[in-house]
Amino acid sequence: MYHCAIIGAGAVGGLLASHLGQQQTVCFIDSRIAQPAQCTIKVNSLSQGKIVFELAILPDVPRCQWLIICVKAHQVDAAIQSLDLSPATNILLMVNGMGSHHQVLKHVDEHRLYLASNTHGALVNLKSSSVLSVEHTGLGKIDVGAFNKQQYPPAELASLQASLPPLHWHPDIYQALWLKLVINCCINPLTALNNCKNGELLQPNYQAKLKALCQELSQIALLDGVVLNSALLLSTVREVAFNTAENYSSMQQDISHQRHTEIDYINGYVVSLAKTHHAVCRHNVALVQQIKLLEKQYE
Ligand code: PAF
């Protein structure tokens, strides 16, 4: 029996595997492979230094306490649809944006679903079929809560907490998820559209746009039952842009490598929520349209 199985051998998946693997049995899952394989993980961790170790890649989920999903939001369904998921496995969904939990709920019972918000920065240095090399670029934290807002964490959370500090339990995770959503709604499309690093958004010419976005996002969050002060949102977005000034956002990277972006689960999620409530949401609508125009050039 494994402690954790991870779907998504990318920057976040590699970072989690390297930290969890110090104390627990961990494997990657890739439903596209026919036979089990082996992979070497090399991580420059900000808290643990250089970590190198071997990890199994399995085509299906073994018996395990946790299945952690950290793929792109739009890849969740394809990543899990052919897997044999035991009803006893806890699922931890750690993706950008919101809305992809609907895809998980097609396959698992809601009381097994946990949602996480991750603020660690990580970049893939090198990836091949047998090597994954990851740089831990920003020391962050992980917030976890139950999809159904259960008050207390499951007993199995202790093993994750021991390997991945700081990891905090939230009886209501939606506040933390919304805060991360706002950060992504501001930083990701603006850096992708302007092909710039996160720190560029601190320049005076972006301040009116960021302020308007934060005001609009705080109004839509309220319709979803989440209270977020727009001035506080603006200062949080600026703080993240400052702390990750030298990074390129994931959406800037997706556009520059001509990949499908997560816009439908970031600003697109906000737009569909606004539509449900017949609310105006013009700043987010404009960003969704502009990103989709860029995607159209290569899709
Ligand atoms: O998606 C991203 O790139 C990250 O979540 C963030 C926080 C915007 C930093 O680049």
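For clarity, every value in this text was computed on a predicted model and none was experimentally measured.

1. Quick notes on the site of the ligand
Taken together, Asn-96, Lys-180, Asn-184, Ile-187, Asn-188, Asn-198, Val-240, Ser-249 and Ser-250 form the complete shell of residues around the ligand. Between the ligand and Asn-188 there is a distance of 3.1 Å, counted from an oxygen atom to a side-chain nitrogen or oxygen. If one sorts the elements of the shell around the ligand by residue count, helix α5 (residues 174-193) sits on top with four residues. Here the residues of the shell around the ligand sort into two nonpolar, six polar and one charged.

2. Let's talk about the domain arrangement of the chain
Here the chain is described as being made up of domain 1 (2-170) and domain 2 (175-296). Using only C-alpha atoms to locate each centre, domain 1 and domain 2 end up separated by 25 Å. Of the residues lining the interface, 16 residues belong to domain 1; the matching set on domain 2 comes to 16 residues. Of the roughly 1500 Å² buried between domain 1 and domain 2, counting both surfaces, carbon and sulfur atoms make up 60%. When residues of domain 1 are sorted by the area they lose upon contact with domain 2, His-74, Asn-96 and Met-98 head the list and together hold 46% of the total. Counting the contacts that link domain 1 with domain 2 gives one salt bridge. The partner of Lys-72 in a salt bridge is Asp-254, with the nearest N and O atoms 3.0 Å apart. Looking at the side of domain 1 that touches domain 2, its residues break down into four nonpolar, ten polar and two charged.

Parameters and conventions
Residues numbered from 1 in each chain as written. Predicted model: local features only at pLDDT ≥ 70, side-chain atom pairs only at ≥ 80, totals over all residues. Heavy atoms only, no water. Near = heavy atom within 4 Å. Polar contact = N/O pair within 3.5 Å; in protein donor to acceptor, adjacent residues only side chain to side chain. Helix = DSSP H or I, 4+ residues; strand = E, 2+ residues; numbered from the N terminus. Nonpolar A, V, L, I, M, F, W, Y, C, P; charged D, E, K, R; others polar. Domains from an automatic or database assignment. Contact = heavy atoms within 4.5 Å. Buried area = accessible area lost by both parts, 1.4 Å probe. Salt bridge = Lys/Arg side-chain N within 4 Å of Asp/Glu carboxyl O.

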